[in-house]
Amino acid sequence: MGQLLIDDAGVKPHDVETALSSGRQPGERLGDTLVRMGVTTREAVARALACQLALDFTAGPLEPTETARKAILPSLIQAHHLVPLDIDGRRIRIALSDPLNVRAIDDVQFQTGCRVECLVATPTTIATAIETWFTLETRPEASDVRAATSQTASVTTGSTLGELVHALPQSLKIDAAPTGEAAELERETRLKPVVRLV
């Protein structure tokens, strides 16, 4: 990463050495340190990261297709700071500032059932797209999420109980207390144990 920034972004070798030896805070990545030191930009770091990982870089603005917007729950988008861009068959393209975030990629793959293809963008570009496309006013309904991916909604890390209930198919939702045989069965199960321990 350091050499890419020296070659392509005009960062001085001395600045990279300083960042590596004494300028980094615990857990901070080299690119973040160089940005904090003021010797490069977030865009230059994102471009170098894309080059290093052989991924495409996108400067934005990000404009996801309607199908892509409906494919991933907003809670997952905001938790992992990513933007779904488009879906083509069993492949979904997403933009994120940290393409090394394996958990984000796994969560998207699990929720959509699609192979994930990553593009690199700056954190600001991602934040702007999330604010534009995934605010409460533009939030897709859970039924739209299911229709977009042709699968039922999946339980994801960070989902609230309300989101999970909302994501249930209408046929599984119960609007009123059970009546008739269902009420009798529920009453019986609450009164008598199903398995008796000896």
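The structure presented is a predicted model; accordingly, all values stated were derived computationally and were not measured.

Right, let's talk about unusual backbone geometry for a bit. Residue Pro61 follows Gly60 across a cis peptide bond; omega there is 0°. With a phi close to 55°, Ala54 is a non-glycine residue in the positive phi region. Here Ala54 shows up in the loop between α4 (42–52) and β1 (56–57). Positive phi values are uncommon outside glycine, yet His81 reaches one of about 55°. Looking at where His81 falls in the secondary structure, it is placed in the loop between α6 (74–80) and β2 (82–88). You can call His81 partly exposed: its relative accessible area is 28%.

Those residues of α4 that sit buried are Ala44, Val45, Ala46, Ala48, Leu49 and Ala50. Check the buried side of α4 and you find it contacts α1 (2–9), α3 (30–37), β1 and β4 (115–120).

Attention shifts here to the pattern of salt bridges. Scanning the model with the defined rule gives eight salt bridges in all. In this structure, Arg42 engages Asp32 in a salt bridge whose closest nitrogen and oxygen atoms are separated by 2.9 Å. Here Asp32 lies in helix α3 and Arg42 lies in helix α4, a separation of 10 residues in the sequence. For Arg42, a relative accessible area of 39% puts it in the partly exposed group. Taking the relative accessible area as the measure of exposure, Asp32 reaches 31% and is therefore partly exposed. Residues joined in a network through salt bridges with shared partners are Asp88, Arg91 and Glu117.

What follows is about the pairing of β4. With two bridges connecting them, β1 and β4 associate as parallel partners. What sits directly across from Phe57, in β4, is Val120. Two strands pair when backbone bridges link them, and strand β3 (residues 91–96) and β4 are joined in this way by six bridges, in the parallel orientation. Looking at the pairing, Arg93 lines up with Glu117 of β4. Each parallel crossover has a hand, and for β3 linked through helix α7 (residues 102–112) to β4 it is right-handed.

What follows deals with the environment of Arg42. Separated by 79 residues in sequence, Arg42 and Ala121 have C-alpha atoms that sit 9.2 Å apart. The residues contacting Arg42, other than those within four sequence positions of it, are Asp32, Val35, Thr122 and Pro123.

Between helix α2 (residues 13–23) and α3, the least distance of the axes is 10 Å, while the angle of their chain directions is 105°. With respect to their mutual orientation, α2 and α3 come out roughly perpendicular. Residues Asp15, Val16, Thr18, Ala19, Leu20 and Gly23 of α2 touch α3, and the partners they reach there are Leu30, Thr33, Leu34, Arg36 and Met37. Classifying every residue of the contact of α2 with α3 by side-chain character gives six nonpolar, three polar and two charged.

Relative to each other, α1 and α4 sit at 120°, their axes nearing to 9 Å. Comparing the axis directions of α1 and α4 gives the class oblique. Crossing hand, α1 versus α4: right-handed. Residues Leu4, Leu5 and Ala9 of α1 form the contact with α4, whose participating residues are Ala44, Val45, Ala48, Cys51 and Gln52. Its residues assigned to classes, the contact of α1 with α4 comprises seven nonpolar, one polar and no charged.

So, how was this worked out
Residues numbered from 1 in each chain as written. Predicted model: local features only at pLDDT ≥ 70, side-chain atom pairs only at ≥ 80, totals over all residues. Heavy atoms only, no water. Helix = DSSP H or I, 4+ residues; strand = E, 2+ residues; numbered from the N terminus. Buried < 20%, exposed > 50% of the residue type's maximum accessible area, 1.4 Å probe, protein only. Contact = heavy atoms within 4.5 Å. Salt bridge = Lys/Arg side-chain N within 4 Å of Asp/Glu carboxyl O. Pairing = 2+ DSSP bridges. Right-handed = clockwise from strand over helix to strand, strands pointing away. Axes fitted to C-alpha atoms, helices over the stretch in contact; angles between N-to-C directions. Parallel < 35°, antiparallel > 145°, perpendicular 65-115°, else oblique. Nonpolar A, V, L, I, M, F, W, Y, C, P; charged D, E, K, R; others polar. Left-handed = near helix turned anticlockwise from the far one by under 90°.

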